[in-house]
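# Coordinate analysis (summary)
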Amino acid sequence: MNSPQDRSPHILINTFTPVDGGIDALAAFQIDEMQDMRAEAASHGWRGNEVYRTRDGASLIVVTRFRSVEAKTSWATTDRFRRHVERLEPLIHDAVSVPVTLLATHSGSDDTY
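So, a few notes on the structure that sits alongside this text.

### Quick notes on the pattern of salt bridges
Here the structure, examined in full by the defined rule, presents six salt bridges. Linking D79 and R82 is a salt bridge whose minimum nitrogen-to-oxygen distance equals 2.6 Å. Placement of the pair is D79 and R82 together in helix α4 (residues 79–88), with a separation of three residues, close to one helical turn. Given the relative accessible area of 51%, D79 is considered exposed. Through salt bridges that share partners, E33, D36, R80 and R87 make up one connected network.

### Quick word on the packing of helix α2 (residues 23–43) against α4
Packing of α2 against α4 leaves a shortest axis separation of 11 Å and a crossing angle of 175°. With respect to their mutual orientation, α2 and α4 come out roughly antiparallel. Contacts between α2 and α4 involve L26, F29, Q30, E33, D36, M37 and E40 from the former and R80, H84, R87 and L88 from the latter. When its residues are assigned to classes, the contact of α2 with α4 shows four nonpolar, two polar and five charged.

### Structural notes on the nonpolar core
Counting 10 residues, the largest nonpolar core is built from F16, I23, L26, A27, F29, M34, L60, V62, L88 and I92. Of all the secondary structure elements, the ones that give two or more residues to this core are α2 and β3 (60–66). Counting residues in each nonpolar core, the second largest holds seven residues, with M37, A41, W46 and F66 among its members.

Definitions and limits used
Residues numbered from 1 in each chain as written. Predicted model: local features only at pLDDT ≥ 70, side-chain atom pairs only at ≥ 80, totals over all residues. Heavy atoms only, no water. Salt bridge = Lys/Arg side-chain N within 4 Å of Asp/Glu carboxyl O. Helix = DSSP H or I, 4+ residues; strand = E, 2+ residues; numbered from the N terminus. Buried < 20%, exposed > 50% of the residue type's maximum accessible area, 1.4 Å probe, protein only. Axes fitted to C-alpha atoms, helices over the stretch in contact; angles between N-to-C directions. Parallel < 35°, antiparallel > 145°, perpendicular 65-115°, else oblique. Contact = heavy atoms within 4.5 Å. Nonpolar A, V, L, I, M, F, W, Y, C, P; charged D, E, K, R; others polar. Core = buried A, V, L, I, M, F, W, Y, C linked by side-chain atoms within 4.5 Å.

All we've got here are geometric facts, nothing functional implied.
Below, the structure written as structure tokens:
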């Protein structure tokens, strides 16, 4: 029997701290960029993102999924991703990217995310 870890894609929890008062601009930029990069990123094994804003507006959190760590590495070396990072830098004070492993999922119903 396969464990959830064996079936899990490469998942990153990315936390961005915007420049003062810049959460709306950062969120708009990230969402627009995700739409624009979608096809090229998918060709490198990107499976999708979820974007969250902390309720206090202090951070933007992006949960990113790739087919594998190799797929993430492939995407990270592209010119398009480099341009994205260059355009992102003026909008943030800090960014932290933490790889995580899916251990389990639970739901109060049959609905899943």
